[in-house]
Amino acid sequence: MIPSQFEYVRARSVDEAVAALAEHGEDAKLLAGGHSLLPIMKLRLAVPAVLVDIGGIPGLSYVRVEGGEVAVGAGTRHFELEQHAVAAAEVPILPYVAAQVGDPQVRHRGTLGGTIAHSDPASDLPTALLALGGTVVVQGPEGRRTVPVTEFWLGFFETALQPDEMVVEVRLPRTGASGWGYEKFTRRANDWPIVAAAAVGRPDGSAGGPFGVALANMAGSVVRATATEEALARGASVAEAAALADQGTSPVADMHADQEYRRHLARLLTRRALERASGGAAAA
C-alpha cells in the first residue's frame, strides 16, 4: 500500500526537530531509520501530516563512558552498537541484543532512539534496556528531562514522550563483567520474538536484588519480571525465581501463540537467561 500524502521536513539539529514538533503537534512524526514508522504508514495505521527527518542530525550517534554510566546517543544505529568496543566492555548485553534485531538491512538503518520511541512490546533492545535500568533523556521546547526506563513504556505504541519531545540519549549503568543473558523464541531468525527474556547482573547486588529481568511480548509493552526479581532478592534459586516470571503479565493470544504458551515460554526463557547470567549452562 501507499502512505497518505505528507509534508517532509529535514531537521538539521535537535532544536529544529523539536520546533517542528511543537509547531505541528500530533500531526507530526519523527523519521529516523523508518523501519517501524513506514510500514504502519503504508497500512494507514499512522497518517502523519508532517514527517520530520532526524536521520541527518549530527552528534546523535555515540557510545561513551560518563562517570558510572554509559551514554548512548539516540541516533546510534543497531549495527554501530553491535560493533562498538565501549558498549562491549561496559554493557555487553547491548551489542549482543543489537545483533539479534531483524536482518542486516534493519540493523544498518534502525536507531536506538527509534526503537525506544516506537514502544513495540516485542522489541529486543527495549527489553535489554529495561533489564539494565537507567534513564531515557528526552528534549522538548522547555529543554531536557530524564525518564527512568521503568516509567517510559506505558503501553502498545505508547510512551512517556510528549508530542513535542524526542529521545536524544539513553544513560545506562556500567555493568562491566557482571553476568547477563538474553533468550528469545522466534519462528524465523529475523522475526520479532514471540517471547524474549533478558537478565542482567547488578554489579553491587542492590537496587532490588542481584539481577534485573525483563520480558518482551508478555504485555502491552516490554515489562519487568518483578516477581522473579523479588524472589532472587529473597535468595530463591534460579529455577524457583524463573517459575514466577509470568506473574503480573498479560500476554495476548495471536496466530503465533496462545496465552498459556507465552507464559510457558516466559518461564523457560527467563530460566535460561538467568542461568547464562549466573554462569551456569543453559537448559536444553
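Described in the following lines is the structure provided in the data block. (Residues numbered from 1 in each chain as written. Predicted model: local features only at pLDDT ≥ 70, side-chain atom pairs only at ≥ 80, totals over all residues. Heavy atoms only, no water.)

## A word on the overall build of the chain
Part 1: Per the secondary structure count, the chain includes twelve helices and 14 strands.
Part 2: The C-alpha radius of gyration of the chain comes to 18 Å, within 12% of the 19 Å expected for a compact globule of 284 residues.
Part 3: Dimensions along the principal axes, computed over C-alpha positions, put the chain at roughly 55 × 45 × 30 Å.
Part 4: Counting only residues that meet the buried cut, the chain has 50% of its 284 residues in that class. (Helix = DSSP H or I, 4+ residues; strand = E, 2+ residues; numbered from the N terminus. Rg over C-alpha atoms; globule rule 2.2 N^0.38 Å. Buried < 20%, exposed > 50% of the residue type's maximum accessible area, 1.4 Å probe, protein only.)

## Overview of the sheet that holds strand β12 (residues 195-201)
In sheet architecture, strand pairing relies on hydrogen bonds along the backbone and comes in two forms, parallel and antiparallel.
Part 1: Sheet architecture is open: four strands sit in the order β11-β12-β13-β14, paired in antiparallel fashion. Both outer strands of the open sheet, β11 (180-185) and β14 (223-224), are each paired with one neighbouring strand and no more.
Part 2: Running over the sheet, helix α8 (residues 124-132) touches β11, β12, β13 (211-216) and β14 and is turned about 155° from β13.
Part 3: Lying on the sheet, helix α12 (residues 259-277) is in contact with β11, β12 and β13; it crosses β11 at an angle near 150°. (Pairing = 2+ DSSP bridges. Contact = heavy atoms within 4.5 Å. Axes fitted to C-alpha atoms, helices over the stretch in contact; angles between N-to-C directions.)

## Observations concerning the nonpolar core
Within soluble globular proteins, side chains that are nonpolar tend to cluster in buried spots.
Part 1: If you look at the biggest cluster of nonpolar residues, it comprises 37 residues, and the most contacted ones within it are Leu94, Ile116, Leu129 and Phe152.
Part 2: Once you skip the residues sitting within four places of it in the chain, isoleucine 116 turns out to touch Leu129, Val136, Phe152, Trp153, Thr159, Val167 and Val170.
Part 3: Formed by 21 residues, the second largest nonpolar core is a distinct cluster that contains Ile194, Ala197, Ala219 and Ala277. (Core = buried A, V, L, I, M, F, W, Y, C linked by side-chain atoms within 4.5 Å.)

## Overview of the pattern of salt bridges
Part 1: Tallied over the entire structure, the rule returns 19 salt bridges.
Part 2: Glutamate 229 is paired through a salt bridge with arginine 202; the nearest N and O atoms lie 3.8 Å apart. With a gap of 27 residues between them, glutamate 229 in helix α10 (residues 226-233) and arginine 202 in the loop between β12 and β13 connect regions that are remote in the sequence.
Part 3: Overall, glutamate 229 belongs to the buried group, its relative accessible area being 6%.
Part 4: Note on arginine 202: relative accessible area 16%, which makes it buried.
Part 5: We note a salt bridge from arginine 267 to aspartate 246, for which the minimum N-O separation is 3.2 Å. With arginine 267 in helix α12 and aspartate 246 in the loop between α11 (238-242) and α12, this pair connects stretches of sequence that are 21 residues apart.
Part 6: The exposure class assigned to aspartate 246 is buried, which follows from its relative accessible area of 9%.
Part 7: Via salt bridges that share partners, Arg64, Glu66, Glu69, Glu169 and Arg171 belong to a single interconnected network. (Salt bridge = Lys/Arg side-chain N within 4 Å of Asp/Glu carboxyl O.)

## So, the environment of serine 4
Part 1: Along the polypeptide, serine 4 turns up in the segment before β1 (7-10).
Part 2: Sequence separation of serine 4 and proline 48 is 44 residues, and the distance between their C-alpha atoms is 8.2 Å.
Part 3: If we skip the residues at most four places from it in the chain, serine 4 touches Arg44 and Val47.

## Some remarks on the environment of glycine 179
Part 1: Mapping glycine 179 onto the fold places it in the loop between β10 (166-173) and β11.
Part 2: With relative accessibility at 22%, the residue glycine 179 sits in the partly exposed group.
Part 3: Glycine 179 sits 100 residues away from glycine 279 along the chain, and the two C-alpha atoms are 6.9 Å apart.
Part 4: In this view, glycine 179 contacts Ala199, Val200, Gly201, Phe211 and Ala277; residues no more than four positions away in its chain are not counted.

## Digging into α8
Because an α-helix packs 3.6 residues into every turn, residues spaced three or four apart end up facing the same way.
Part 1: Of all nine residues making up α8, nine are buried, and the element is well covered by its neighbours.
Part 2: Where α8 is concerned, the buried positions are Asp124, Leu125, Pro126, Thr127, Ala128, Leu129, Leu130, Ala131 and Leu132.

## With respect to the packing of aromatic side chains
Part 1: In total, this model carries four aromatic pairs according to the counting rule given.
Part 2: Seen in terms of ring centroids, tyrosine 96 and tryptophan 180 are 5.2 Å apart; in terms of plane orientation they differ by 50°. Their pairing is tilted. One end of the pair, tyrosine 96, is in helix α5 (residues 93-98); the other, tryptophan 180, is in strand β11, with 84 residues separating them in the sequence.
Part 3: Classification of tryptophan 180 as partly exposed rests on a relative accessible area of 26%.
Part 4: Summarising the aromatic geometry, the rings of phenylalanine 185 and tyrosine 261 are spaced 6.3 Å apart at their centres and angled 85° between planes, so their arrangement reads as edge-to-face. Of this pair, phenylalanine 185 sits in strand β11 while tyrosine 261 sits in helix α12, and the two are 76 residues apart along the sequence.
Part 5: Residue phenylalanine 185 is classed as partly exposed on the basis of its relative accessible area, which comes to 32%. (Phe/Tyr/Trp six-rings, centres within 6.5 Å; stacked < 30°, edge-to-face > 60°.)

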